[in-house]
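Residue strings, one per chain:
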Amino acid sequence: MNRRVVVAIALLVLAAALAFAARPHEATADERIDQITTELRCPVCQGLSVRDSSSETARQMRVLVAQRVREGKSNAEIETEFRASYGDWILLSPPVASWSGVVWLVPIAAIAAGLVLATGRLRSADPLEPVEPSATQVAALRERVAREEAAEG
Amino acid sequence: MLARVIRIAVVVGLLSLVMTLALAFRRDPHDIRTGTIGKPAPAFTLQRLDGSGEVALADLSGKVVVVNFFASWCLPCIQENPALVRVYERYRASDVVMLGVDFQESRENGLAYVQRMGTAWTTVADDDGRVALSYGVFGPPETFFIGPDGVIAGRHIGPIDEATLVNGIETLRARAAR
């Protein structure tokens, strides 16, 4: 058989195997528990997820999540239950639409407002355009030049 | 011109930062308003620590209920206990109910603690911590004020003092009297 055909078949088989391995599949209960507890913040830790924490509170939360998964609750329903108790804070990545986003927007809005204010003030200031000297000033300058030339003489 | 714009922008930015920080630090860190404030108190039925039956929150409807989450291993709980004792004595003959919820420990340890501390109010055991989780408790001690309408009106994180307890109770009693 042509060597190129063999290589092509081998590549096709490899691609098919990879596609099969990476196919979307329904998450098992354990995978779902891991996923949910990774998204939940441990209430008594510093920036740790419920999955990664060894605290008693996190352990109790993991047990509750496992029970809710067994009861057939969806991930969203389980997260909603914790959000009802702890607010959006309990999610390690709170929803973007949350009002807490204002905390990030306020400084940016304030700086933008400052820039607009400063630009407006500078624009309203008198422009530095060249001004023609008056006839009196021209006469005085000519007289001064003539005087200095006479002195150098 | 650019330098002037930058200077003004920096001043405005700093002022905004100061204002944001000032607003943030004005809040009492013990008065954390999480999901349960202003909502009906999660229902529960728990066994008494001494094993003499159950207590259901629903049975306390129409009363001001002070729910205090505690544990024997928690030093701030020991610290706040004298205030709880004084407030309990003050309101024991009234429509105010104090309820201690022991969690994250064995019943034996919890019972030994309440006997040692002379806790006279009802204490119950939250063995699996479900009630604490449903109230959004971070850790002991935490105190919740539940109105006669069954709605959580306030919470206090950390050791509570007598004045805060009385203020929370009287606010709810005044609201109920209206």
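Residues numbered from 1 in each chain as written. Chains lettered and ligands numbered in written order. Predicted model: local features only at pLDDT ≥ 70, side-chain atom pairs only at ≥ 80, totals over all residues.

A. A look at the interface of chain A and chain B. Between chain A and chain B, the residue contacts involve 24 residues of the former and 23 residues of the latter. Elements with a contribution of two residues or more to the side of chain A that touches chain B: helix H3 (56-70), helix H4 (75-86) and helix H5 (102-124) of chain A. (Contact = placed C-beta atoms within 7 Å. Helix = DSSP H or I, 4+ residues; strand = E, 2+ residues; numbered from the N terminus.)

B. Highlighting the packing of helix H2 (residues 29-39) of chain A against H3 of chain A. Residue and element names in this part refer to chain A. As a packed pair, H2 and H3 sit with axes 10 Å apart at the nearest point and diverge in direction by 135°. By the angle class used here, H2 and H3 are oblique. Where H2 crosses over H3, the handedness of that crossing is right-handed. Listed contacts from H3 to Ala-29, Arg-32, Ile-33, Ile-36 and Thr-37 of H2 are Arg-62, Val-65, Ala-66, Val-69 and Arg-70. When the residues that make up the contact of H2 with H3 are grouped by side-chain class, the tally is 6 nonpolar, 1 polar and 3 charged. (Axes fitted to C-alpha atoms, helices over the stretch in contact; angles between N-to-C directions. Parallel < 35°, antiparallel > 145°, perpendicular 65-115°, else oblique. Left-handed = near helix turned anticlockwise from the far one by under 90°. Nonpolar A, V, L, I, M, F, W, Y, C, P; charged D, E, K, R; others polar.)

C. Here's a closer look at the packing of H2 of chain A against H4 of chain A. All names here are of chain A. For the pair H2 and H4, the least separation of the axes is 11 Å and the interaxial angle reads 35°. H2 and H4 meet at a crossing whose hand is right-handed. Seen from H2, the contacting residues are Arg-32, Gln-35, Ile-36 and Glu-39; seen from H4, they are Asn-75, Ile-78 and Glu-79. Split by residue class, the contact of H2 with H4 holds 2 nonpolar, 2 polar and 3 charged.

D. The pairing of strand S6 (residues 142-146) of chain B, seen in detail. Residue and element names in this part refer to chain B. Most of S6 is tucked away: 5 of the 5 residues are buried. Note: strand S3 (residues 64-70) against S6, 5 bridges, orientation antiparallel. Among the inter-strand pairings, Phe-69 is bridged to a residue of S6, identified as Glu-142. Across 5 bridges, S6 lies against strand S7 (residues 152-157) in antiparallel orientation. What sits directly across from Phe-145, in S7, is Gly-154. (Buried ≥ 20, exposed ≤ 12 C-beta atoms within 10 Å, placed from the backbone. Pairing = 2+ DSSP bridges.)

E. Here's a closer look at the nonpolar core. All names here are of chain B. With 52 residues, the main nonpolar core has Val-66, Leu-99 and Val-101 as its most contacted residues. With 6 residues, S3 is the largest single contributor of residues to this core. The residues touching Val-66, leaving out its near neighbours within four places in the chain, are Val-96, Met-98, Leu-99, Thr-143, Phe-145, Leu-165 and Ile-169. (Core = buried A, V, L, I, M, F, W, Y, C linked by C-beta atoms within 7 Å.)

F. Layout of the confidence of the model for chain A. Per-residue confidence for chain A gives a mean pLDDT of 87; residues scoring 70 or more make up 92%. Least confident of the elements in chain A is H5 of chain A, whose mean pLDDT is 82; most confident is H3 of chain A, at 96. (pLDDT = per-residue confidence, 0-100.)

G. Just the environment of Ile-90 of chain A, in detail. Residues and elements named next belong to chain A. Along the polypeptide, Ile-90 turns up in the loop between H4 and H5. Separated by 51 residues in the primary sequence, Ile-90 and Glu-39 place their C-alpha atoms 8.5 Å from one another. Filtering out sequence-adjacent residues up to four positions away, Ile-90 remains in contact with Leu-40, Arg-41, Phe-82 and Arg-83.

H. Quick look at the sheet that holds strand S2 (residues 54-56) of chain B. All names here are of chain B. Read across the sheet, 7 strands follow the order S2-S1-S5-S4-S3-S6-S7 without closing on themselves; strand pairing throughout is mixed. Across the chains shown, the open sheet's two edge strands, defined by having one partner strand only, are S2 and S7. The sheet shows a mean angle of 30° between the axes of neighbouring strands, direction not considered. Pairing of strand S1 (residues 45-48) with S2 involves 3 bridges; the strand directions are antiparallel. Each residue of the ladder has a partner; that of Thr-45, found in S2, is Ala-56. Along the sheet face, helix H5 (residues 162-177) touches S3, strand S4 (96-103), S6 and S7 and points at about 150° away from the line of S3.

I. Highlighting the confidence of the model for chain B. In the predicted model, chain B carries a mean pLDDT of 89, and 92% of its residues have values of at least 70. Scoring the predicted complex yields pTM 0.69 and, for the interface, ipTM 0.75.

J. The arrangement of the pairing of strand S5 (residues 122-126) of chain B in detail. Residues and elements named next belong to chain B. By the criterion of burial, S5 is predominantly enclosed, with 4 of the 5 residues buried. Across 2 bridges, S1 lies against S5 in antiparallel orientation. Within S5, the position partnered with Gln-47 by the bridge is Ala-125. Examined bridge by bridge, S4 and S5 share 5 bridges and lie parallel to one another. Across the sheet, the residue bridging to Gly-100 is Thr-123, located in S5.

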